Amino acid sequence: MSDVTTTTVTDVPTPTVTDVPTPSVSTPAVTAASIVQAEPVAESGDAGYTPVFSAAVRTVVYVVCLIVGGLGGAATVVCALTSAPFWLTAASAIIAFVTPYVAAGFGVAYNPLKMAGK
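Rules used throughout
- Residues numbered from 1 in each chain as written.
- Predicted model: local features only at pLDDT ≥ 70, side-chain atom pairs only at ≥ 80, totals over all residues.
- Heavy atoms only, no water.
- Helix = DSSP H or I, 4+ residues; strand = E, 2+ residues; numbered from the N terminus.
- Buried < 20%, exposed > 50% of the residue type's maximum accessible area, 1.4 Å probe, protein only.
- Contact = heavy atoms within 4.5 Å.
- Areas by Shrake-Rupley, 256 points an atom, 1.4 Å probe, with all protein chains shown as cover.
- Expected span 1.5 Å × (residues − 1).
- Axes fitted to C-alpha atoms, helices over the stretch in contact; angles between N-to-C directions.
- Parallel < 35°, antiparallel > 145°, perpendicular 65-115°, else oblique.
- Left-handed = near helix turned anticlockwise from the far one by under 90°.
- Nonpolar A, V, L, I, M, F, W, Y, C, P; charged D, E, K, R; others polar.
- Patch = residues over 30% accessible without salt bridge, like charges linked within 9 Å, V, L, I, M, F, W, Y side chains within 5 Å.
- Salt bridge = Lys/Arg side-chain N within 4 Å of Asp/Glu carboxyl O.
- Phe/Tyr/Trp six-rings, centres within 6.5 Å; stacked < 30°, edge-to-face > 60°.

J.: What exactly am I supposed to notice about the overall build of the protein here?
T.: The helix and strand inventory of the protein stands at three helices and zero strands. When the 118 residues of the protein are sorted by exposure, 9% land in the buried category. Nonlocal contacts in the protein, meaning residues at least 24 apart in sequence, comprise 69% of its contacts between residues at least 6 apart. By element, 68% of the accessible surface of the protein is carried by carbon and sulfur atoms, the whole surface being about 9900 Å².

The structure is reproduced here in structure tokens:
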């Protein structure tokens, strides 16, 4: 039992905030005019893809679904807190749950990074 060895502990310098490099983030200037005039960016593998619905229709569907989904979510919380009838709580929850899928069915995908290359 004389084969026991001890390990040596060496001091390691504690890193400080100045040791960590600060990442640089550049954001493109986006204005309302550049968003309105922007054309869809073809991603890899999407060359030649034409959406079924126009950009205006998809925008309207996105805004309507955003509003209806928000109202449905708020109504669900209010119904749950005020002991409203079960059918009203369930209907509000279903409305809040379904609206993103309706928007997805129209090909709406909110992706602000898609415009970063413009």
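Let us keep going from here.
J.: Can you help me understand helix H3 (residues 86-105) in this one?
T.: Side chains three or four residues apart in an α-helix point the same way, a direct result of the helix having 3.6 residues per turn. Between its first and last C-alpha, H3 extends 29 Å over 20 residues, near the 28 Å set by a 1.5 Å rise per residue. All of the buried residues along H3 are Thr89, Ser92, Thr99 and Ala103. Packing partners of the buried residues in H3 comprise helix H2 (55-81). Looking at the residues trailing H3, positive phi occurs at glycine 107, about 85°.

J.: How should H2 be read in this particular structure?
T.: Between the first and last C-alpha of H2 there are 39 Å, a value that for 27 residues agrees with the 39 Å anticipated at 1.5 Å per step. Listing the buried residues of H2 in full gives Val61, Cys65, Gly69, Gly72, Thr76 and Cys79.

J.: In this structure, what is going on with the packing of H2 against H3? I would like to understand it.
T.: Packed helix pairs are specified by the crossing angle of their axes together with the interaxial distance, meaning the distance between the axes. Between H2 and H3, whose axes approach to 8 Å, the crossing angle comes to 155°. The orientation of H2 relative to H3 falls into the category roughly antiparallel. Taken as a pair, H2 and H3 cross one another with a handedness that is left-handed. Across the interface between the two elements, Val61, Cys65, Val68, Gly69, Gly72, Gly73, Ala75, Thr76, Cys79 and Ala80 from H2 touch Leu88, Thr89, Ser92, Ala93, Ile95, Ala96, Thr99, Val102 and Ala103 from H3. When its residues are assigned to classes, the contact of H2 with H3 shows 12 nonpolar, seven polar and no charged.

J.: Explain a nonpolar patch on the surface here, please?
T.: On the surface, a nonpolar cluster with roughly 500 Å² of combined accessible area is contributed by Ile94, Phe97, Val98, Tyr101 and Val102. As for its placement among the helices and strands, phenylalanine 97 is situated in helix H3. For phenylalanine 97, a relative accessible area of 54% gives the class exposed.

J.: What should I look at first to understand the side chain of serine 92 in this one?
T.: For serine 92, the location among the structural elements is in helix H3. Taking relative accessible area as the criterion, serine 92 reaches 7% and is therefore assigned buried. Excluding residues within four positions of it along the chain, serine 92 makes contact with Gly72, Ala75, Thr76 and Cys79.

J.: Is there a simple way to explain unusual backbone geometry in this structure?
T.: Generally, phi is negative for residues other than glycine and the peptide bonds are trans, each holding for most cases. In this model, serine 83 sits at a positive phi of 55°, which is unusual for a non-glycine residue. Position of serine 83 among the secondary structure elements: in the loop between H2 and H3. Serine 83 gets classed as exposed once you look at its relative accessible area, which sits at 69%.

J.: Help me out: how do you make sense of the packing of aromatic side chains in this one?
T.: Geometry of an aromatic ring pair is reported as the spacing of the ring centres plus the angle between the planes. With the rule as written, the count across this model stands at one aromatic pair. With a centroid separation of 5.4 Å and 55° between ring planes, the pair formed by phenylalanine 97 and tyrosine 101 is classed as tilted. In this pair, phenylalanine 97 and tyrosine 101 both sit in helix H3, four residues apart, roughly one turn of the helix. Of the two residues, phenylalanine 97 and tyrosine 101, both sit in the exposed class.

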